[in-house]
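Remarks on the overall topology
Each chain is listed here by its residues.
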Amino acid sequence: MAHIYRLVYNPFVYRLVYSPFVMKRLAKYAFPLLTRYHTRYHANDDVVFLNFGYEEDPPMGIPLAASDEPHRFPIQLYQRTATQVDLSGKRVLEIGCGHGGGASYLMRTLQPASYTGLDLNPAGIAFCRKRHNLDGLEFVQGDAENLPFGNQSFDAVINIESSHCYPSFPRFLAEVARVLRPGGHFLYTDLRPQVRIAEWEAALADAPMRLVSRADIETQVLRGMNKSSESTPELDVVEHRVPAYLHGVAREATASQGSGLYRAVQSGDFSYRMYCFAKD
Ligand SMILES: C[S@@+](CC[C@H](N)C(=O)[O-])C[C@H]1O[C@@H](n2cnc3c(N)ncnc32)[C@H](O)[C@@H]1O
């Protein structure tokens, strides 16, 4: 079985998988399946993050509550992306909030006036509403390419490891610019395979927003993946609660050390970046 996984999860296949055609279907079917699997079989579900993680050298070492500590590396990706600007007292929208761990953490630590988490996955939104109850935090089901919000309704938009799933990335950028007030910020991080970098950069250059900063963060993400491979609730699910014959698939899904996706980022086949844009 391991050989089959090695064959399927190689960098070439990842280039195909990360095409808009496949990603659209993955987003529609795979994430709801994942949520249903967790909520059905794991009553005390702790899979509240769905990103690869992030760590710097020297380590960021941000102080965390005991309940957040198991999620340190995915949290640090949120922390670095979101704190590119001051979010206190701001109206924040997160597009592609997944299982809401980042929304909850940022709401508790950065004191925005309000935080709206949006995701395409209805099961994920139902999970978030049950799992994360905080004043000022709400979750909405919706599509990144057709946001159910009025013009200029947010001061900041956050988007983490989600935009590679959208069939029309330019349409998403136009929507972000529409819902941001003038002076608002788009705080963004994601990855692309090398074959899609040119179109990614062209869309970002055409976006109706001004580039404030850009950072290549493959090294930090690989370090985060390494650290997450040591121990996280997500990995615990793989090791102890997923049937053995599905370990290969599950390890790919968590992008653990040694997975095809890990190797693809390591070999430079994928670029992982963090951006800040402003709407003038
Ligand atoms: C890899 S997960 C990342 C989730 C979260 N940002 C995190 O870091 O834990 C990608 C998320 O994007 C969501 N997504 C995919 N396509 C979407 C779309 N068109 N509109 C809104 N969300 C979408 C998926 O349902 C999934 O929850």
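Just above sits the structure.
Nothing here was measured: the structure is a model prediction, and the numbers come from that model.

1. A word on the nonpolar core
Within the largest apolar cluster, 43 residues are counted, with the highest numbers of intra-cluster contacts made by Leu 87, Leu 106, Tyr 115 and Ile 158. Tallying contributions element by element places helix α5 (residues 101–110) first for this core, with five residues. Leave out the neighbours within four places in its chain, and Ile 158 touches Ala 82, Leu 87, Val 92, Leu 93, Glu 94, Ile 95, Leu 106, Tyr 115 and Leu 187.

2. What about the side chain of Ser 104?
Note on placement: Ser 104 falls in helix α5. Ser 104 sits in the buried class, given a relative accessible area of 8%. Those residues in contact with Ser 104, other than ones at most four positions away along the chain, are His 132, Leu 134 and Leu 137.

3. Concerning the site of the ligand
Near the ligand, the surroundings consist of 21 residues, among which Leu 50, Gly 96, Asp 119, Ala 144 and Ser 162 are the closest. Take Asn 51: an N or O atom from its side chain is 3.0 Å from an oxygen atom of the ligand. Interatomic distance of 2.8 Å between a backbone N/O atom of Gly 96 and a nitrogen atom of the ligand. Protein chains bury 97% of the 590 Å² of accessible surface belonging to the ligand in isolation. Across the shell around the ligand, the residue classes break down as eleven nonpolar, six polar and four charged.

4. Looking at the sheet that holds strand β4 (residues 154–160)
Ordered in space as β3-β2-β1-β4-β5-β7-β6, the seven strands form an open sheet in which the pairing is mixed. Two strands in the sheet have a free side with no partner beyond their single neighbour: β3 (137–141) and β6 (210–216). Along the sheet, successive strands turn relative to each other by an average axial angle of 15°, direction set aside. Note: strand β5 (residues 180–193) against strand β7 (residues 270–278), nine bridges, orientation antiparallel. Residue pairing across strands places Thr 189 opposite Met 274, the latter belonging to β7. Most of the contacts of helix α6 (residues 122–131) go to β3, to which it runs at about 165°, and overall it touches β2 (114–119) and β3. The strands touched by helix α9 (residues 218–230) are β6 and β7; relative to β7, the strand with the most contacts, the crossing angle is about 115°.

5. Considerations on the pattern of salt bridges
Using the criterion set out here, one finds 14 salt bridges in the structure. Close ionic contact of Glu 69 with Arg 72 constitutes a salt bridge, the shortest N to O distance being 2.7 Å. A relative accessible area of 13% means that Arg 72 is categorised as buried. For the salt bridge of Asp 155 with Arg 181, the shortest nitrogen-to-oxygen distance reads 2.6 Å. With Asp 155 in strand β4 and Arg 181 in strand β5, this residue pair connects regions lying 26 residues apart in the sequence.

6. Side note on α5
Taking burial as the measure, the ten residues of α5 include eight buried ones, the bulk of the element. When α5 is considered as a whole, its buried residues turn out to be Gly 101, Gly 102, Ala 103, Ser 104, Tyr 105, Leu 106, Met 107 and Leu 110. Contacts made by the buried residues of α5 are with α4 (72–82), β1 (91–95), β2, β3 and β4.

7. Some details on the packing of aromatic side chains
This model, assessed by the stated rule, comprises 13 aromatic pairs. On the basis of an interplanar angle of 70° and a centroid distance of 5.8 Å, the ring pair of Phe 49 and Tyr 78 is categorised as edge-to-face. With Phe 49 in the loop between α3 (20–41) and α4 and Tyr 78 in helix α4, the pair connects residues that are 29 residues apart, well separated along the chain. Comparing Phe 49 with Tyr 78 shows no difference in burial state: the two are buried.

Criteria and thresholds
Residues numbered from 1 in each chain as written. Predicted model: local features only at pLDDT ≥ 70, side-chain atom pairs only at ≥ 80, totals over all residues. Heavy atoms only, no water. Core = buried A, V, L, I, M, F, W, Y, C linked by side-chain atoms within 4.5 Å. Buried < 20%, exposed > 50% of the residue type's maximum accessible area, 1.4 Å probe, protein only. Helix = DSSP H or I, 4+ residues; strand = E, 2+ residues; numbered from the N terminus. Contact = heavy atoms within 4.5 Å. Near = heavy atom within 4 Å. Polar contact = N/O pair within 3.5 Å; in protein donor to acceptor, adjacent residues only side chain to side chain. Areas by Shrake-Rupley, 256 points an atom, 1.4 Å probe, with all protein chains shown as cover. Nonpolar A, V, L, I, M, F, W, Y, C, P; charged D, E, K, R; others polar. Pairing = 2+ DSSP bridges. Axes fitted to C-alpha atoms, helices over the stretch in contact; angles between N-to-C directions. Salt bridge = Lys/Arg side-chain N within 4 Å of Asp/Glu carboxyl O. Phe/Tyr/Trp six-rings, centres within 6.5 Å; stacked < 30°, edge-to-face > 60°.

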